[in-house]
Amino acid sequence: MKQFILNFKRYSYLLGQLVKKNIKLRYRRSYLGILWTLIEPLLTMIVLSVVFGSLLGRNSRDAAFDGVPFPVYVLTGRLLYSFFSSATNSAMKSIRTNSAMIKKVYVPKYIYPLSGILANFAIFLISLVVLLCVMVFFVMTGSYKAPLNGFMLMSVLPLLNLFVLAMGVGMILATLCVFFRDIEYLWSVMLMLIMYCSAIFYFVDSMSGETQRLIKLNPLFGVIHNFRRAFFGQPYDMTLFIYTSVFAILTLLVGMFVFYRKQDSFILNI
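Residues numbered from 1 in each chain as written. Predicted model: local features only at pLDDT ≥ 70, side-chain atom pairs only at ≥ 80, totals over all residues. Heavy atoms only, no water.

### Quick look at the overall build of the protein
Along the backbone of the protein there are 11 helices and 0 strands. Order of helices (α) and strands (β) in the protein, N terminus to C terminus: α-α-α-α-α-α-α-α-α-α-α. Evaluated residue by residue, the protein yields a buried proportion of 48% over its 270 residues. Looking at the protein alone, contacts between residues at least 24 apart form 81% of all its contacts between residues at least 6 apart. Total accessible area on the protein stands at roughly 14,300 Å², and carbon and sulfur atoms take up 68% of it. Taking the 25 positively charged and 9 negatively charged side chains of the protein as two groups, their mean positions are separated by 15 Å. (Helix = DSSP H or I, 4+ residues; strand = E, 2+ residues; numbered from the N terminus. Buried < 20%, exposed > 50% of the residue type's maximum accessible area, 1.4 Å probe, protein only. Contact = heavy atoms within 4.5 Å. Areas by Shrake-Rupley, 256 points an atom, 1.4 Å probe, with all protein chains shown as cover. Lys, Arg positive; Asp, Glu negative; His and termini not counted. Charge placed at Lys NZ, Arg CZ, Asp CG, Glu CD.)

### A few points about the packing of aromatic side chains
Across all of its chains, the model carries 18 aromatic pairs by this definition. Relative to F121, the ring of F83 lies with its centre 5.3 Å away and its plane at 65°, an arrangement referred to as edge-to-face. Of the two residues, F83 sits in helix α4 (residues 70-97) while F121 sits in helix α6 (residues 111-140), which places them 38 residues apart along the sequence. Judged by relative accessible area, F121 falls into the buried class, the value being 17%. Each member of the aromatic cluster is reached from another via a ring pair, and the members are F83, F121, F124 and F163. Across the ring face of Y73, the terminal group of R228 is positioned such that the distance to the ring centre comes to 3.7 Å. (Phe/Tyr/Trp six-rings, centres within 6.5 Å; stacked < 30°, edge-to-face > 60°. Lys NZ or Arg CZ within 6 Å of the ring centre and 35° of its normal.)

### Thoughts on the pattern of salt bridges
Scanning the entire structure with this criterion turns up 1 salt bridge. The partner of E184 in a salt bridge is R96, and the shortest N-O contact between them spans 1.9 Å. On the criterion of sequence distance, the pair formed by E184 in helix α8 (residues 183-196) and R96 in helix α4 is long-range, its members being 88 residues apart. Classification of E184 as buried rests on a relative accessible area of 18%. (Salt bridge = Lys/Arg side-chain N within 4 Å of Asp/Glu carboxyl O.)

### A few points about the environment of I267
Mapped onto the elements of the fold, I267 is located in the segment after α11 (238-262). Residues I267 and S99 lie 168 residues apart in sequence; the distance between their C-alpha atoms is 7.8 Å. Each residue touching I267, except ones within four places of it in the same chain, is listed here: I102 and K103.

### Let's talk about α6
Compared with an ideal rise of 1.5 Å per residue, which puts 30 residues at 44 Å, α6 spans 44 Å between its outermost C-alpha atoms and is within 8% of the ideal. Once α6 finishes, G142 follows within two positions and takes phi at roughly 80°, a positive value. (Expected span 1.5 Å × (residues − 1).)

### A short note on the packing of α4 against helix α7 (residues 156-179)
Across the interface, α4 lies against α7 with an axial gap of 7 Å and an inter-helix angle of 30°. Relative to α7, α4 is oriented roughly parallel. Crossing of α4 over α7 shows right-handed handedness. Between α4 and α7, the contacting residues are L80, F83, F84, A87, T88, A91, M92, S94, I95 and R96 on the first element and L159, L162, F163, L165, A166, V169, G170, L173, A174, C177 and V178 on the second. In terms of residue class, the contact of α4 with α7 is built from 17 nonpolar, 3 polar and 1 charged. (Axes fitted to C-alpha atoms, helices over the stretch in contact; angles between N-to-C directions. Parallel < 35°, antiparallel > 145°, perpendicular 65-115°, else oblique. Left-handed = near helix turned anticlockwise from the far one by under 90°. Nonpolar A, V, L, I, M, F, W, Y, C, P; charged D, E, K, R; others polar.)

### Digging into a nonpolar patch on the surface
A contiguous nonpolar surface patch, about 610 Å² in accessible area, is contributed by W36, L42, L43, I46, V47, V50 and V51. Positionally, L42 belongs in helix α3 (residues 36-57). (Patch = residues over 30% accessible without salt bridge, like charges linked within 9 Å, V, L, I, M, F, W, Y side chains within 5 Å.)

### Section: helix α2 (residues 12-26)
Every α-helical turn comprises 3.6 residues, leaving residues that sit three or four positions apart pointing alike. When the terminal C-alpha atoms of α2 are compared, their 21 Å separation across 15 residues agrees well with the 21 Å that a helix rising 1.5 Å per residue should span. All buried positions along α2 are accounted for by L15, L18 and V19. The arc that holds the buried residues of α2, viewed along the axis, is 105°, so those residues lie on one side. Among the exposed residues of α2, those oriented more than 90 degrees off its buried face are Y13 and K24. (Arc of directions from axis to C-beta.)

Below, the structure is given as structure tokens:
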């Protein structure tokens, strides 16, 4: 652990540069650049609200979120899912993307997936500005009376769980993708399944008990659900919080173990 900390400090400048590079590459040749971080989730929220609002938003309510405007409900789920999707995809491709550097100089290889996830996390934090602005808009128009209490500060912990989960999954995918290129295509299908099982644009209370139990097995649903509860001034669902926390930590440990065991073989397969 001491050696790991010393190595991390030694390469912290490189990590920072890789994070900046990943952010710049994402928006290169784009006229609006980083502004898309704010525009894209807003446009997505509008589309999903229009498409699903009449079907789910007005005719059904989740008991935990009764009174919350449907666009805000959609936006909270969409932002967290988008980070998980983009972060894991970036980490998955990080070793092959940086193969030229890996072949020339020694750098701890975990730096590459970590830099991709940190870059996406920075973009995600910027995009939270949109969520705050949309919330303020509904409060100012009288459509929503937001409860201001200490629970709102607790929304940080689900975000920490989300980062740890993305890091663990990203490390596993980065390792597998070096040896099995088909993982990229399989993961895109898995992400679609995860999205539909995360209650981004529907209410879980409207489903049968068995279906609810299956959805709650998805750790990303638990993260999104508890973030929503805290952000809307409600206490955590502690069962889900403990489950997602343990799942995220175990996933990170497995990811680190797999990555460490296989990293010496990367150079033979990239």
